[in-house]
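An overview of the molecular structure
Spelled out, the chains give:
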Amino acid sequence: LTEQLIAGLARWGRVSDGRPTSASGGVTRVMLAVESEDVLPAVAGYLVGGGAQLYALAPQRLPLEELFMRVMREEEAA
């Protein structure tokens, strides 16, 4: 993955630090936080169209406790 390709992911959500979160054995992992899983086909198409070899796209959801804590922090800040 090129830096430009990773930076382009920002159109769909928040890229963790804009850098790969890990790379080992020739595999690079990038975390992208999106509002809805509906964007995942477009994300996959963008990556493959940009020359990346996409082996997996694995959605992960926040645990309920983490989601609750985020909502509470947002309410405290408001």
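1. Description of the confidence of the model for the protein chain
Averaged over every residue, the pLDDT of the protein chain is 85; the share at 70 or more is 87%. Mean pLDDT in the protein chain bottoms out at strand β2 (residues 22–24), which sits at 59, and peaks at helix α2 (residues 40–49), which reaches 96.

2. Section: the pattern of salt bridges
Pairing between side chains becomes possible if they bear opposite charge and their charged atoms approach one another. By the definition in use, this model includes three salt bridges. Across the salt bridge formed by Glu66 and Arg70, the nearest N and O atoms sit 3.1 Å from each other. Residue Glu66 and its partner Arg70 are located together in helix α3 (residues 64–77), separated by four residues, close to a single helical turn. For Glu66, a relative accessible area of 30% gives the class partly exposed. Here Arg73 and Glu66 are joined by a salt bridge, their closest N and O atoms 3.5 Å apart. Classification of Arg73 as partly exposed rests on a relative accessible area of 45%.

3. Here's the deal with the nonpolar core
With nine residues, the main nonpolar core is built from Leu5, Ile6, Leu9, Trp12, Val15, Val43, Tyr46, Leu47 and Ala52. Elements that contribute at least two residues to this core include exactly α1 (3–8) and α2. No other element matches the three residues that α2 contributes to this core. Not counting chain neighbours up to four residues away, the residues in contact with Tyr46 comprise Gln4, Leu5, Gly8, Leu9, Arg11 and Trp12.

Definitions and cut-offs
- Residues numbered from 1 in each chain as written.
- Predicted model: local features only at pLDDT ≥ 70, side-chain atom pairs only at ≥ 80, totals over all residues.
- Heavy atoms only, no water.
- pLDDT = per-residue confidence, 0-100.
- Helix = DSSP H or I, 4+ residues; strand = E, 2+ residues; numbered from the N terminus.
- Salt bridge = Lys/Arg side-chain N within 4 Å of Asp/Glu carboxyl O.
- Buried < 20%, exposed > 50% of the residue type's maximum accessible area, 1.4 Å probe, protein only.
- Core = buried A, V, L, I, M, F, W, Y, C linked by side-chain atoms within 4.5 Å.
- Contact = heavy atoms within 4.5 Å.

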